[in-house]
Amino acid sequence: MSAVQQGRVAVVTGAAGGLGTSIVEALLERGDRVVASDVSAAALEALQAKVAQASDRLVAVVADVAEPSGWAAIREVALDRFGAPSILVNNAGISPKHDGKKLNGVDIPLNEWNAVVGVNLTGPFLGIQCLAPGMIEANYGRIINIASVAARYGGRLGGLHYAATKTGVLGITRAFAHELAEHGITVNAVAPGRIASGMAAMVSEAVNADYASTIPVGRLGTAHDVAHTVRFLSDEDSSFITGTTTDVNGGSHMQ
Ligand SMILES: NC(=O)c1ccc[n+]([C@@H]2O[C@H](COP(=O)([O-])OP(=O)(O)OC[C@H]3O[C@@H](n4cnc5c(N)ncnc54)[C@H](O)[C@@H]3O)[C@@H](O)[C@H]2O)c1
């Protein structure tokens, strides 16, 4: 029986955050079984309460994506509860702010740089290293990496480290797409613009309103806008789409 016939098993990191919760909900709605992972145990409890009606298809794992041990835990729980994952959504990310503002590049301390690289870049790298072998064995997989519009133009509200790591996510996406295509595995990135959810709440409403006024579609995005795109790319019918970046930004950056 193929991986798809057995039913989709998806791993979502940063699952308890603004976009992560919406991605989990969209995959559960489709009937997937979901391994919801996050570094925050309290936030994961809130997520479990929110999707209680689908609790038999959801398992939560507290894990740090920047650490190989976090990925080992995710893999072990997935195999134990649902079987080998055929979908990986690398969504966990951080964008440090100080009093609601980014630091300029010249002021970013090394420990903050390392923390952002660890979660935003090492996290997806380790995740694919950990879960791709199971997908290779099944000759099927869907990997979606959440990047950012900051990868397109260097970032307005996110710092230099944020823009650098999200640009790196596009590199990881393309390189793994090349390497894994022959195994029936697609690897794509989604680059959200400003989304009225999750980390966008770290800056003031006035800043977000000002940003919204510059977006051609005339509003900030929603978590659903991103989750819908992830669900599309993780579908078995999306088999001819790989190595791409889908911009979900209301036209704030076009190319
Ligand atoms: N909200 C936006 O406007 C926006 C725009 C572009 C890109 N993004 C990207 O979307 C993704 C989700 O962002 P969000 O807005 O939902 O943010 P969020 O802060 O609401 O969620 C991020 C989640 O990641 C978790 N996390 C942090 N460090 C972790 C670690 N080491 N291991 C595992 N989990 C960890 C957090 O606990 C949190 O639940 C991020 O990759 C972010 O860069 C967001």
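Notes on the overall build of the chain
Point 1. The number of helices and strands found in the chain is eight helices and seven strands.
Point 2. What you see for the chain is a C-alpha radius of gyration of 17 Å, in line with the 18 Å of a compact globule of 255 residues.
Point 3. Taken along its principal axes, the extent of the C-alpha atoms in the chain is 50 × 40 × 35 Å.
Point 4. The buried share of the chain, reckoned over its 255 residues, is 48%.
Point 5. Here the contacts in the chain between residues at least 6 apart in sequence split such that 76% fall between residues at least 24 apart.

Thoughts on the nonpolar core
Point 1. Residues V11 and A36 are the most contacted members of the largest nonpolar core, which totals 69 residues.
Point 2. For this core, the element with the highest residue contribution is helix α4 (residues 110–138), accounting for nine residues.
Point 3. In this view, A36 contacts V12, A15, V24, L44, L47, L58 and A60; residues no more than four positions away in its chain are not counted.

Considerations on the sheet that holds strand β2 (residues 33–38)
In any sheet, the strands associate via hydrogen bonds between backbone groups, in a parallel or an antiparallel arrangement.
Point 1. Strand order in this open sheet of seven strands is β3-β2-β1-β4-β5-β6-β7, and the pairing throughout is parallel. The sheet terminates laterally at β3 (58–62) and β7 (245–248), the two strands that pair on one side only. When the angles between neighbouring strand axes are averaged without regard to direction, this sheet yields 15°.
Point 2. Note: strand β4 (residues 87–90) against strand β5 (residues 141–146), four bridges, orientation parallel. Opposite I87, over in β5, you have R142 as the bridge partner.
Point 3. Its contacts with the sheet place helix α2 (residues 41–50) against β2 and β3, and it is angled at close to 170° to β3.
Point 4. Relative to β4, α4 is tilted by about 180°, and along the sheet it contacts β1 (9–13), β4, β5 and β6 (185–192).

Looking at the pairing of β2
Point 1. Burial of β2 is extensive: six of the six residues sit out of reach of the surface.
Point 2. Pairing of β1 with β2 involves five bridges; the strand directions are parallel. Bridging from a neighbouring strand, T13 pairs with S37 of β2.
Point 3. For the crossover that starts at β1, traverses helix α1 (residues 18–30) and ends in the parallel β2, the hand is right-handed.
Point 4. Of the pairings in the sheet, the one linking β2 to β3 comprises five bridges and is parallel in character. If you follow S37 over to β3, its bridge partner there is V61.
Point 5. Crossover connection from β2 via α2 to parallel β3: handedness right-handed.

A closer look at the site of the ligand
Point 1. The full set close to the ligand counts 29 residues, and G14, G17, L19, G93 and G198 are the nearest of them.
Point 2. Top element by residues in the shell around the ligand is α1. It accounts for three residues.
Point 3. Class assignment of the residues belonging to the shell around the ligand gives a composition of 14 nonpolar, twelve polar and three charged.

Concerning the confidence of the model for the chain
Point 1. On average, the chain scores 96 in pLDDT, and the residues at 70 or more come to 98%.
Point 2. Of all secondary-structure elements in the chain, the lowest mean pLDDT belongs to helix α7 (residues 205–212), at 92, while β4 reaches the highest, 99.

Section: the packing of α1 against helix α8 (residues 223–233)
Point 1. As a packed pair, α1 and α8 sit with axes 8 Å apart at the nearest point and diverge in direction by 50°. On the basis of their axis angle, the class for α1 and α8 is oblique. Crossing of α1 over α8 shows right-handed handedness. Across from G18, L19, S22, I23, E25, A26, L27 and R30 in α1, the residues of α8 making contact are A223, H224, V226, A227, H228, V230 and R231.
Point 2. The residue inventory of the contact of α1 with α8, partitioned by class, reads eight nonpolar, four polar and three charged.

The rules behind the values
Sequence order sets the numbering: in each chain, residues are counted from 1 along the sequence as written. Owing to the predicted nature of the model, reporting of local features is limited to residues with pLDDT of at least 70; listing and counting of side-chain atom pairs is limited to 80 or more, with chain, interface and lining totals taken over all residues. Per the convention used, a helix needs a DSSP run of H or I reaching at least four residues, while a strand needs a run of E reaching at least two, with both numbered from the N terminus. Throughout, radius of gyration means the C-alpha value; the globule benchmark is 2.2 Å times the number of residues raised to the power 0.38. Whether a residue is buried, exposed or partly exposed follows from its count of other C-beta atoms within 10 Å of its own C-beta, namely 20 or more, 12 or fewer, or something in between, respectively; the C-beta atoms are built from the backbone. The contact criterion used is a C-beta to C-beta distance within 7 Å, with each C-beta placed from the backbone. Here a nonpolar core is just a set of buried residues of the types Ala, Val, Leu, Ile, Met, Phe, Trp, Tyr and Cys, joined wherever their C-beta atoms sit within 7 Å. Strands are labelled as partners when DSSP assigns at least two bridges between them. In this description, a line fitted to the C-alpha atoms serves as the axis of each element, helices being fitted only across the stretch in contact, and the angle between N-to-C directions of two axes falls anywhere from 0 to 180 degrees. With strands facing away from the observer, any crossover in which the path from the first strand over the helix to the second runs clockwise is taken as right-handed. The criterion for a residue being near a molecule or strand is simple: its C-beta atom, placed using the backbone, must lie within 6 Å of it. Lys, Arg, Asp and Glu make up the charged group, whereas Ala, Val, Leu, Ile, Met, Phe, Trp, Tyr, Cys and Pro make up the nonpolar group; the residues left over, Gly among them, are polar. Per-residue confidence from the predictor is reported as pLDDT, which spans 0 to 100. Comment on the angle field: the value is read as roughly parallel under 35 degrees, roughly antiparallel over 145, roughly perpendicular from 65 to 115, and oblique elsewhere. Left-handed describes a crossing whose near helix is turned anticlockwise from the far helix through less than a right angle; right-handed describes the clockwise counterpart.

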